[in-house]
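Below, each chain spelled out in residue letters.
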Amino acid sequence: MSRIAGRFARVEPRRRVRDLVLGLLSDLPRKNCWSIAEWAGQASPHGMQHLLGWAKWDADTARDDVREYVLEHLHDDDAVLVVDETGDVKKGTHTVGVQRQYTGTAGRIENAQVAVYLVYAGRRGHAAIDRELYLPRSWTCDPDRCRAAGLGEDTVFATKPELAARMIGRFLDAGHRVGWVAGDEVYGGNPKLRAALEERQVGYVLAVACSAEVTTGAGKFRADVLAVKVPKWAWLKLSAGAGGKGHRFYDWAVIDLAEPRLGSHQLLIRRNRTTGELAYYRCWSPAAVPLATLVRVAGSRWRVEETFQSGKGLAGLDEHQLRRFTSWSRWVTLAMLAHAFLAVVRADEHARHSAPDGLIPLTCNEIQRLFTTLVVRPVHGAAHRLGWSDWRRRHQARAQASHYRRQAANQT
């Protein structure tokens, strides 16, 4: 917490943000301002709501603190930046950025809010270091709606690849260096993002669709057409990295591309050894690299899914019930900090101690259980619990009365 303490001018919000982060790390079944305030021993959720909505502090400078914390503890010369988006299903139309759109979280089109994240993935661990909320055109074309959600007058539409380029640019402009960026088809299919990475001398392995056209010495072809032409001897069995059930082995092939721009341009093809399913990646690096390096970078993309899973499951990344942009950016930044803490403790434990025979190394899930149980579990008496019961019922009574008044007014 000392990393971000200097961002708060007064001691009250500094203490409250500590309670909020500890609440995010707790074993509460549902994490929001109400449940965390009760867990922390506060009389009502008003203090937490004020911290997220109106207190004076800058979530973007705290985000930079999170990035520096992650890089200090998880630094790896061979680390990969992974970009990806995740969606949170929401009700109504007032939550900032929400509309009916596809989200991988639900696997279909839902009323959802989508954000793009930048994840730092190295051998010691992985954690999110930046975030950008995706604002559909239905929002950016409606200034009144943006204003009501706390967005600035200069808010303009930006695609997900543009948001990714913005975050990668912030990382590099802060003086950090990284060799590779990985991402899925949303990012690999965007030539502007690829060109921006090449200009800054950052290699990439970005997924593309089977219909993507690439240029070889023999002409221009679709990616899936080229895959058919790969001879049997050109496929190599390599691991894309260790997963929960062992190494992820696939067959891989690489084809050199003929591009006028400097650097090594290649098409990487992955084949599932069981189903035969193919996946395609546009690759670039300042100089030629071995196939094993491209495979390692491509395999790093799964780290973002693990980050989303643990960030949501352990640190409440998706459990905010907030409508305005300021509150959203503050909540997700603090959730990123909470998850980064777990990732750093895990990395340090693995570096200092080897697991005894018969035990797997400590996971983020187990660290959270131990930390909550042994270090921060608060104990509150019956009076506190009964007070919160009264507060909830009183709030619900006001909401019910307001609903009935609106209903009566509409009927007249």
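Everything numeric in this text was worked out from a predicted model, so none of it was measured.

A. Quick look at the overall build of the protein chain. Secondary structure assignment for the protein chain yields 16 helices and 12 strands. Along the three orthogonal principal directions, the C-alpha set of the protein chain runs to about 75 × 65 × 40 Å. Summarising the internal contacts of the protein chain: among those between residues at least 6 apart in sequence, 62% fall at separations of at least 24. Surface summary for the protein chain: the accessible area is close to 20,800 Å², and the carbon and sulfur share equals 52%. With 59 positive and 44 negative side-chain charges, the protein chain shows a spacing of 5 Å between the two charge centroids.

B. Representation of empty space enclosed by the protein within the structure. Considering all chains together, one arrives at three cavities of 30 Å³ or more under this definition. Each pocket or cavity is described by its volume, and for the largest cavity that value is around 60 Å³. Every residue lining the largest cavity is listed: Tyr 117, Ala 128, Thr 307, Phe 308, Gly 311, Leu 317, Ala 335, Met 336 and His 339. Within the residue set of the lining of the largest cavity, elements represented by two or more residues are α13 (302-315) and α14 (325-352). Within the lining of the largest cavity, the residues separate by chemical class into six nonpolar, three polar and no charged. By volume, the second largest cavity is sized at about 40 Å³. Taken together, Thr 86, Asp 88, Gln 113, Val 114, Ala 115, Tyr 117, Leu 133, Lys 312, Leu 317 and Trp 328 make up the lining of the second largest cavity. Contributions of two or more residues to the lining of the second largest cavity are made by β1 (80-89) and β3 (108-121). Examining the composition of the lining of the second largest cavity, we find that four residues originate from one element, β3, more than from any other.

C. Inspection of unusual backbone geometry at higher detail. Backbone geometry at Gln 201 places phi at a positive 60 degrees, although glycine is not the residue there. Within the secondary structure, Gln 201 sits in the loop between α10 (191-199) and β6 (203-208).

D. Structural view of the packing of aromatic side chains. Applying the stated criterion across every chain yields a total of 10 aromatic pairs. With a centroid separation of 6.3 Å and an interplanar angle of 35 degrees, the aromatic rings of Trp 252 and Tyr 281 are classed as tilted. Remark: Tyr 281 occurs in strand β12 (residues 278-285) and Trp 252 occurs in strand β10 (residues 246-256); sequence separation between them is 29 residues. For Trp 252, a relative accessible area of 0% corresponds to the buried category.

E. Highlighting the side chain of Ser 327. Along the polypeptide, Ser 327 turns up in helix α14. Judged by its relative accessible area of 9%, Ser 327 is buried. Beyond its immediate chain neighbours, meaning those up to four positions away, Ser 327 contacts Leu 52, Gly 53 and Leu 322.

F. Looking closely at the environment of Ala 212. Within the element layout of this structure, Ala 212 appears in the loop between β6 and β7 (213-216). A relative accessible area of 22% places Ala 212 in the partly exposed class. Ala 212 sits 11 residues away from Ala 223 along the chain, and the two C-alpha atoms are 5.7 Å apart. When near neighbours in sequence (up to four residues on either side) are disregarded, Ala 212 contacts Phe 221, Arg 222 and Ala 223.

G. Molecular detail of the nonpolar core. Ranked by size, the top nonpolar core spans 106 residues in total, and within it Tyr 117, Tyr 120, Phe 171, Val 205, Trp 252, Leu 268 and Tyr 281 carry the most contacts. With 13 residues, the top contributor of residues to this core is α14. Grouped together as the second largest cluster of nonpolar side chains are 13 residues, Val 214, Ala 223, Ala 227 and Leu 267 included.

H. Structural detail: the pattern of salt bridges. The full count for this structure, using the stated rule, is 29 salt bridges. In this structure, the salt-bridge partner of Arg 10 is Glu 12, at a minimum N-O distance of 3.4 Å. Since its relative accessible area comes to 54%, Arg 10 is described here as exposed. For Arg 282, the salt bridge identified is with Glu 259, shortest N-O distance 3.4 Å. One end of the pair, Arg 282, is in strand β12; the other, Glu 259, is in the loop between β10 and β11 (264-271), with 23 residues separating them in the sequence. On the accessibility criterion, Arg 282 (7% relative accessible area) is buried. Among the ionic contacts, a cluster of salt bridges with common partners joins Asp 60, Arg 63, Asp 64, Arg 67, Glu 68, Asp 130, Arg 131, Glu 132, Arg 166 and Arg 170.

I. Structural view of the pairing of β3. In terms of residue burial, β3 counts as a mostly covered element, since 12 of its 14 residues are buried. Where strand β2 (residues 99-103) lies against β3, five bridges are found, and the strand directions are antiparallel. Bridge pairing links Thr 103 to Arg 108 in β3. Once β2 ends, the chain turns through four residues before running back antiparallel as β3, passing Gly 107 with a positive phi of about 75 degrees. Bridge count between β3 and strand β4 (residues 126-133): seven bridges; the pairing is antiparallel. Paired with Ala 115 across the strands is Leu 133, a residue of β4. The antiparallel hairpin formed by β3 and β4 contains four residues in its connecting segment, where Gly 125 sits at a positive phi of about 160 degrees.

Conventions adopted
- Residues numbered from 1 in each chain as written.
- Predicted model: local features only at pLDDT ≥ 70, side-chain atom pairs only at ≥ 80, totals over all residues.
- Heavy atoms only, no water.
- Helix = DSSP H or I, 4+ residues; strand = E, 2+ residues; numbered from the N terminus.
- Contact = heavy atoms within 4.5 Å.
- Areas by Shrake-Rupley, 256 points an atom, 1.4 Å probe, with all protein chains shown as cover.
- Lys, Arg positive; Asp, Glu negative; His and termini not counted.
- Charge placed at Lys NZ, Arg CZ, Asp CG, Glu CD.
- 1 Å grid on protein atoms, 1.4 Å probe; cavity = no way out; pocket = protein on both sides within 12 Å on 5 of 7 lines; lining within 4 Å.
- Points joined across faces, edges and corners; volume = space filled by probe spheres on them.
- Nonpolar A, V, L, I, M, F, W, Y, C, P; charged D, E, K, R; others polar.
- Phe/Tyr/Trp six-rings, centres within 6.5 Å; stacked < 30°, edge-to-face > 60°.
- Buried < 20%, exposed > 50% of the residue type's maximum accessible area, 1.4 Å probe, protein only.
- Core = buried A, V, L, I, M, F, W, Y, C linked by side-chain atoms within 4.5 Å.
- Salt bridge = Lys/Arg side-chain N within 4 Å of Asp/Glu carboxyl O.
- Pairing = 2+ DSSP bridges.

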